[in-house]
Amino acid sequence: MNIILFGPPGAGKGTQAHHLVHDFGMVQLSTGDILRQAVQEGTEVGKIAGELMKAGKLIPDDLMNKILGERLDKPDTQNGVIFDGFPRTKPQVEALDKLLAERHRKLDCVIEIKVDEDALVQRIVGRYICTKCGAGYHDEFKRPKKEGVCDVCGSTEFKRRPDDNAEAVRARLVEYHEKTAPILPIYEARGLVSYVDGMLPMKEVATKIHQILTDKGAKPVSA
Ligand code: AMP
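This one's a predicted model, so the numbers in the text were calculated from it and none came from an experiment.

Draft legend 1. Representation of the side chain of T180 within the structure. Among the structural elements, T180 can be located in helix α7 (residues 166-180). Residue T180 is classed as buried on the basis of its relative accessible area of 5%. Among the polar contacts listed, one links the side chain of T180 to the backbone oxygen of R88, at a separation of 2.7 Å. Apart from residues no more than four positions distant in its own chain, T180 is found in contact with F6, P87, R88 and E175.

Structure follows, in structure tokens:
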């Protein structure tokens, strides 16, 4: 299955994608993760993306479409992926249609995670992850059981995203409203969109998404 997780920054797309990887053995394709890796490695793409990301701006479509095409040519994507953070603009929707058609694949479902936007800045600004295992935490909502120690792997090193500050988050929300939100009606017109309430506790959101996908025929790994 190829599915898109759709919603504003901070809606929980990445967290939910991790659940789906675990539950269904799907592959997560996070364009944000690909770009962050490029920035870290100092590649040409990373040099272009770094400043734009820090400012909360979108990376140009041509570059994103090229990155996506290259990622879709890797064999692990053949049985379907979770698109997390792509498409974000109308030209990216068109590019995705073309990239999938060229590979004889199709989009099965778009899941919109609906959230109360007033909560987003607070949600994003407080979040951080364990540097070693990637477990997610939050200053207010989810502190490690023992202060400064990861619950999962025991590491004492954590990191925050450089674009998770209030100013960049506001810019990311402006980009979302101007360029990303308008693509949802395209998928609604195709009858592909399901909706979940992203303000529910994370586990409940995961259960609802799990149900949507099993209803559409996805097979959980343990089944
Ligand atoms: P994310 O991890 O999905 O929140 O993405 C972090 C940042 O990466 C965004 O704020 C953009 O600057 C950039 N980015 C990720 N995906 C895309 C995309 N599909 N198109 C343009 N920019 C993107």
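Draft legend 2. Up close: the site of the ligand. Around the ligand, a shell composed of 16 residues is seen, among which T31, R36, K57, G85 and R88 lie nearest. For the ligand, a nitrogen atom lies 2.9 Å from a polar atom in the side chain of Q92. Taken by itself the ligand offers 480 Å² of open surface, and the protein chains cover 96% of this. Examining the composition of the shell around the ligand, we find that four residues originate from one element, helix α2 (residues 31-41), more than from any other. Here the shell around the ligand is composed, by residue class, of six nonpolar, four polar and six charged.

Draft legend 3. Just the sheet that holds strand β6 (residues 136-138), in detail. Spatial ordering of the open sheet is given by β6-β5-β7, a layout of three strands whose pairing is antiparallel. The sheet is open, and its two edges are formed by β6 and β7 (158-159), each paired on a single side. In the sheet, strand β5 (residues 127-130) pairs with β7 via two bridges, with the strands oriented antiparallel. When the bridges of β7 are listed, I129 appears paired with K159.

Draft legend 4. Quick look at the pairing of β5. With three bridges joining them, β5 and β6 adopt antiparallel strand pairing. Considered in β6, the bridge of I129 is made with G136. Hairpin connection from β5 to β6: five residues lie between these consecutive antiparallel strands, with G134 at a positive phi of about 85 degrees.

Draft legend 5. Layout of the packing of aromatic side chains. Per the stated rule, a full pass over the model turns up four aromatic pairs. Where Y137 meets F158, the ring centres are 5.7 Å apart and the plane angle is 85 degrees; that geometry is what we call edge-to-face. One end of the pair, Y137, is in strand β6; the other, F158, is in strand β7, and 21 residues separate them in sequence. Taking the relative accessible area as the measure of exposure, Y137 reaches 4% and is therefore buried. On the accessibility criterion, F158 (25% relative accessible area) is partly exposed. What links up through ring pairs into an aromatic cluster is the set Y128, Y137 and F158.

Thresholds, definitions, all that
- Along each chain, the written sequence defines residue order, and numbers are assigned to residues from 1.
- Residues qualify for local features only when their pLDDT is at least 70, as the model is predicted, and side-chain atom pairs are given and counted only at 80 or more; totals for whole chains, interfaces and linings, by contrast, use all residues.
- Side-chain measures here rest on the full set of heavy atoms in the structure, leaving out hydrogens and waters.
- Numbering of helices and strands starts at the N terminus; helices are DSSP runs of H or I of at least 4 residues and strands are runs of E of at least 2.
- Under the scheme applied here, a residue whose accessible area is under 20% of the maximum for its type counts as buried, over 50% as exposed, and between as partly exposed, the area being computed with a 1.4 Å probe on protein chains only.
- Contacts described as polar in this section are N or O atom pairs within 3.5 Å, which, within protein, must combine one atom able to donate a hydrogen with one able to accept it, while residues neighboring in sequence count only if both atoms come from side chains.
- We call two residues in contact whenever any of their non-hydrogen atoms come within 4.5 Å of each other.
- It suffices for a single heavy atom of a residue to lie within 4 Å of a molecule or strand for the residue to be listed as near it.
- Here the accessible surface of atoms and residues is derived via Shrake-Rupley with a 1.4 Å probe, and residues count as covered only by protein chains that are part of the display.
- Note on residue classes: Ala, Val, Leu, Ile, Met, Phe, Trp, Tyr, Cys and Pro are nonpolar, Asp, Glu, Lys and Arg are charged, and everything else, Gly too, is polar.
- The criterion for strand pairing is that DSSP finds at least two bridges linking the strands in question.
- Note on aromatic pairs: the rings of Phe, Tyr and Trp (six-membered ring only in Trp) are paired at centre separations within 6.5 Å, and the planes decide the class, stacked below 30 degrees, edge-to-face beyond 60, tilted for the rest.

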